[in-house]
Amino acid sequence: MRLSEWLHAKTGRTDSIALVRLMELLFEFLTVEARQDPRLVAEKMWNDYKRGGRHDKPSFLKDHLPHQETEREHRNKLALPKRQARHLV
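So, a few notes on the structure that sits alongside this text. Every residue gets a number counted from 1 within its own chain, in the order that chain's sequence is written. Since the coordinates come from a predicted model, pLDDT governs what is reported: local features require at least 70, and pairs of side-chain atoms require 80 or more to be given and counted, while whole-chain, interface and lining totals use all residues. For the side-chain quantities, the full set of heavy atoms in the structure was used; hydrogens and water were omitted.

## Some points on the pattern of salt bridges
Line of reasoning, step 1. A pairing counts as a salt bridge when a side-chain nitrogen of Lys or Arg comes within 4 Å of a carboxyl oxygen of Asp or Glu. Taken as a whole, this structure holds four salt bridges when the rule is applied.
Line of reasoning, step 2. With a closest N to O distance of 3.8 Å, Glu24 and Arg21 form a salt bridge. Of this pair, Glu24 and Arg21 both sit in helix 2 (residues 19–33), separated by three residues, roughly a single helical turn.
Line of reasoning, step 3. Residue classification places Glu24 among the partly exposed positions, given a relative accessible area of 34%.
Line of reasoning, step 4. For Arg39, the salt bridge identified is with Glu43, shortest N-O distance 3.7 Å. Of this pair, Arg39 and Glu43 both sit in helix 3 (residues 38–51), four residues apart, which is roughly one turn of the helix. In DSSP terms, a helix is any run of H or I states spanning at least four residues, a strand is any run of E spanning at least two, and both are numbered starting from the N terminus. Here the term buried applies to any residue with accessible area under 20% of the maximum for its type, exposed to any over 50%, and partly exposed to those in between, with areas from a 1.4 Å probe on protein chains only.

Here's what the structure looks like:
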């Protein structure tokens, strides 16, 4: 109930919120309001997000997660000439 009340106070609604925006709000609630460890929350949210078949890492999580090269990034890097691939880091 606390999350629902906080969401309504923050956004003026509790429904029809885009998934990534809802995740960002949940992350803010858990780390600021509930004072949970941002790294742990980001890791759990990222794992849950990937289970839904998504691979695009939301920008608000990037600072809290270690960089792990995805399969797609690895393949793309191998497909590029060495001088171009170094700019992807």
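Once you've had a look at it, read on.
## Observations concerning the nonpolar core
Line of reasoning, step 1. Here, nonpolar core means buried Ala, Val, Leu, Ile, Met, Phe, Trp, Tyr and Cys residues that are tied together by side-chain atoms lying within 4.5 Å of each other. The biggest cluster of nonpolar side chains holds 10 residues, and these are Met23, Phe27, Val41, Ala42, Met45, Trp46, Tyr49, Phe60, Leu61 and Leu65.
Line of reasoning, step 2. Among the secondary structure elements, those contributing two or more residues to this core are helix 2, helix 3 and helix 4 (59–62).
Line of reasoning, step 3. Ranked by residues supplied to this core, first place goes to helix 3 with five residues.
Line of reasoning, step 4. Apart from the residues within four sequence positions on either side, Tyr49 is in contact with Leu19, Val20, Met23, Arg54, Asp56 and Pro58.
Line of reasoning, step 5. Counting residues in each nonpolar core, the second largest holds five residues, with Trp6, Leu7, Leu25 and Phe29 among its members. We call two residues in contact whenever any of their non-hydrogen atoms come within 4.5 Å of each other.

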